[in-house]
Amino acid sequence: MSPENDQNNQPSAEGSNSAEPKAGASSTIHPAGMQAQSAAGAAAAVARAPQASETPSAATPESIAEPQPAASTLPAASESVPAETQTATEDAAETSETMDQLLDQFSTPQAAAEGEIFDGRVLAVTDAGVVVDVGGKFEGLVPAQEFVDSGNAIEFGEGQTIEVERLHERKDGYVLLSYTRAHRRKVWERIEKAYREHTSLTGKVLERIKGGLVVDIGVRSFLPASQIELRPVHDLDGWKDREVEVRVLKLNRKRGNVVVSHRAILEEEQKAKRDALAETIAEGAVVTGTVKNVTDYGIFIDLGGLDGLLHVSDLVWGRAPHPSSVANAGDQIQVQVLKFDKEKQRISLGRKQLLPDPWANVPERFPAGTRVHGKVVGVTDYGAFVQIESGVEGLVHVSEMSWSKHIKHPSKIVKVSDDVDVVVLEVKPEQRRISLGLKQTLADPWEKAAEKYPVGSIVSGRVRNLSDFGAFVELEEGMEGLIHISDVSWTERIKHPSERFKKGDTVEAKVLKVDGQNRRLSLGIKQVKDIWANWFADHKIGDIIKGKVARTTDFGAFVELAEGIEALCHISEIEERRPKGEREQVKPSRNARVASVLASGQEYDFKVLRLEPEQRKISLSYRAAQKQAERQEIQSFRSSKSSPNATIGDAIMAKRQSS
């Protein structure tokens, strides 16, 4: 509309005349030309990618025909319209209808983008694959090789609608499609949704593999054996071809790994039942349940969603028989709730609590010190159980079976079903325990130990045990003495008793001490033959004696003076004291210095410096013996010379000349 028309708001004669020829031109365009022009306009509209809300009639008319007159230039409906003008209007309407049809023809959807999933109609099944019409004026092909690789047969028929995914390749004029990829994407989306929302899937067990089962839920998934049932499943082959409801536990789409569980669903169902039952159970209540399983240690009872354990110790008072003798699977049994842990949902049940308690007056009927008769009902490594009354048992500990300390096993003393007399040692009614003694019915050998084995007497016994500090010798049943390692030899340094004894050896020893109250007896072997007393009687301090060097140490040398008698010559009594300057010089080790003067196995003269008879110790001096020998030589030399002025140097020179 021109500016003049805007100002006058009325069409001018010139404008009216110019509009009519344009309308007439539009109505006289050849249909073929219009079709071509409309096609060009439609192609341009498609190239501009119109929105889905645009209609074909909204395409730009400028690309198809000349612009139509403005609405203000058309005559009103009430005015009389000339015949020519009416004919032109009808032609324009017909032309517009033809244009809409052309635009509809060229506005068909374009080919789907690569990777898009959409529905298609099966046109034909050929050797090359499945031909699918997906609209958009193109046909696609699902290659037959896809079904060969997947191992699935082609079961599609003409006209069937299937989901496919477009690939980026073409073949024989077809756009390649994939049915498997589309199907797998849908399956994975369903699996991922179930994993996120913790919902269940139904699958079919395909086969058994190591560690579990393979379940088909659209893809092959792994069902571990531990995730099949609430309890271990031993027959996995029986699950093959079964439909099973599972829950996705782990998912790795990139690797194609899926781990599922049937047990998770069962646990949720069981938890719901447990939560409902937990609100109605209270400790102390008497309930009736069904025996679910019988084991060596008790009976599991189903209370209607929660399992409780009736432990073997709560079956009957006293020693209980095997649980299978009380109830079998499927039996109804009445029990009492002893303890209920709501957090862990564990229930402890009892049956004997519904029976009379035989421990009600045990302390009054069996006080400590009472001698009773009983029957051995059980033997363990640590003792024997004796039934002194129905439902009342006591323990005879292995240490209370015999006065001897060397009982290998209680079964060496008693056997099951033996009748024995025992003495009640202690009663603990709150713990339902009675301590019994068997040896208390026998004579105690320690009561007369001091009379039978007086100090100083020589006894004979068998070595029963060795320890780091000595050897235990059994004199009789229940009577043992200890030979301490320090009482084995007067002179030898024994590091372990095994150097002199072994189990089973018979030895003679002297009784050194008897302590009947603490049940101890000290023995000694070296005291049996006291060679030291005679030696001390024959020698005194200052004597020069001969001895053989037995061994050298850093602090001196041990010298054997007689068989079984050794003395010590300290390093300070072996070598001469050196001047202070020489001491500061580097010198060999002490042991080397001792060995350089006194060689092991050689005899030398020594002087007795100190005697300690009580401790059997003798101290010697090699240096003092050498000096005394030198003085004797000087005196002898002086007596052999006429000159009274002879010196030590003269004596040494004379000795060298004589040698």
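One can find the structure itself at the top, above this paragraph.
Read on for an overview of the structure. What you are looking at is a predicted structure, and each value in this text was computed from that prediction instead of being measured.

So, about the nonpolar core. One finds W535, L561, C569, L598, F606, I618 and L620 to be the most contacted residues of the largest nonpolar core, which totals 22 residues. Counting only elements with at least two residues in this core, the list comes to helix 10 (531–538), strand 26 (544–553), strand 27 (556–562), strand 28 (565–570), strand 29 (603–612) and strand 30 (617–621). The residues contacting I618, other than those within four sequence positions of it, are W532, W535, F536, L561, I565, A567, L568, R610 and L611.

Right, let's talk about unusual backbone geometry for a bit. Of note, H198 is a non-glycine position whose phi angle comes to about 55 degrees, a positive value. Within the element layout of this structure, H198 appears in the loop between helix 6 (179–197) and strand 6 (200–209). Non-glycine residue R616 carries a positive phi angle of around 55 degrees. Within the fold, R616 resides in the loop between strand 29 and strand 30. With a relative accessible area of 19%, R616 lands in the buried category.

Mapping D341 onto the fold places it in strand 14 (residues 332–341). In this structure the C-alpha to C-alpha distance between D341 and E283, which are 58 residues apart in sequence, comes to 9.6 Å.

With that settled, the discussion passes to the sheet that holds strand 13 (residues 307–311). Strand order around the closed barrel formed by five strands is 11-12-13-15-14, with mixed pairing between neighbours. Neighbour-to-neighbour, the strand axes of the sheet open up by a mean angle of 50 degrees, direction not taken into account. Bridge count between strand 11 (residues 286–294) and strand 14: five bridges; the pairing is antiparallel. If you follow V287 over to strand 14, its bridge partner there is V335.

So, about the pattern of salt bridges. Applying the stated criterion across every chain yields a total of 22 salt bridges. The partner of R220 in a salt bridge is E207, with the nearest N and O atoms 2.6 Å apart. In this pair, R220 is assigned in strand 8 (residues 220–224) and E207 in strand 6, connecting sequence segments 13 residues apart. Owing to a relative accessible area of 30%, E207 belongs among the partly exposed residues under this scheme. Taking the shortest distance from any N to any O, the salt bridge between E474 and R464 comes out at 2.7 Å. Placement of the pair is E474 in strand 22 (residues 470–476) and R464 in strand 21 (residues 458–467), with a sequence separation of ten residues. Assessed through its relative accessible area of 11%, E474 is described here as buried. On the basis of relative accessibility, which here comes to 22%, the residue R464 falls in the partly exposed class.

We now examine helix 6. When the terminal C-alpha atoms of helix 6 are compared, their 27 Å separation across 19 residues agrees well with the 27 Å that a helix rising 1.5 Å per residue should span. Every buried residue of helix 6 is accounted for by A182, V187, W188, I191 and A194. Taking the backbone nitrogen of R181 as reference, a side-chain oxygen 3.0 Å away marks S178 as the first, capping residue of helix 6. Downstream of helix 6 by one or two residues, H198 has phi in the positive range, about 55 degrees.

This next bit is on the pairing of strand 9 (residues 243–252). The sheet contact formed by strand 6 and strand 9 spans five bridges and is antiparallel. By the bridge assignment for strand 9, T202 is matched with E245. Pairing of strand 9 with strand 10 (residues 257–261), which is carried by five bridges, proceeds in the antiparallel orientation. Bridge pairing links V248 to V260 in strand 10.

Thresholds, definitions, all that
Residues numbered from 1 in each chain as written. Predicted model: local features only at pLDDT ≥ 70, side-chain atom pairs only at ≥ 80, totals over all residues. Heavy atoms only, no water. Core = buried A, V, L, I, M, F, W, Y, C linked by side-chain atoms within 4.5 Å. Buried < 20%, exposed > 50% of the residue type's maximum accessible area, 1.4 Å probe, protein only. Helix = DSSP H or I, 4+ residues; strand = E, 2+ residues; numbered from the N terminus. Contact = heavy atoms within 4.5 Å. Pairing = 2+ DSSP bridges. Axes fitted to C-alpha atoms, helices over the stretch in contact; angles between N-to-C directions. Salt bridge = Lys/Arg side-chain N within 4 Å of Asp/Glu carboxyl O. Expected span 1.5 Å × (residues − 1). Polar contact = N/O pair within 3.5 Å; in protein donor to acceptor, adjacent residues only side chain to side chain.

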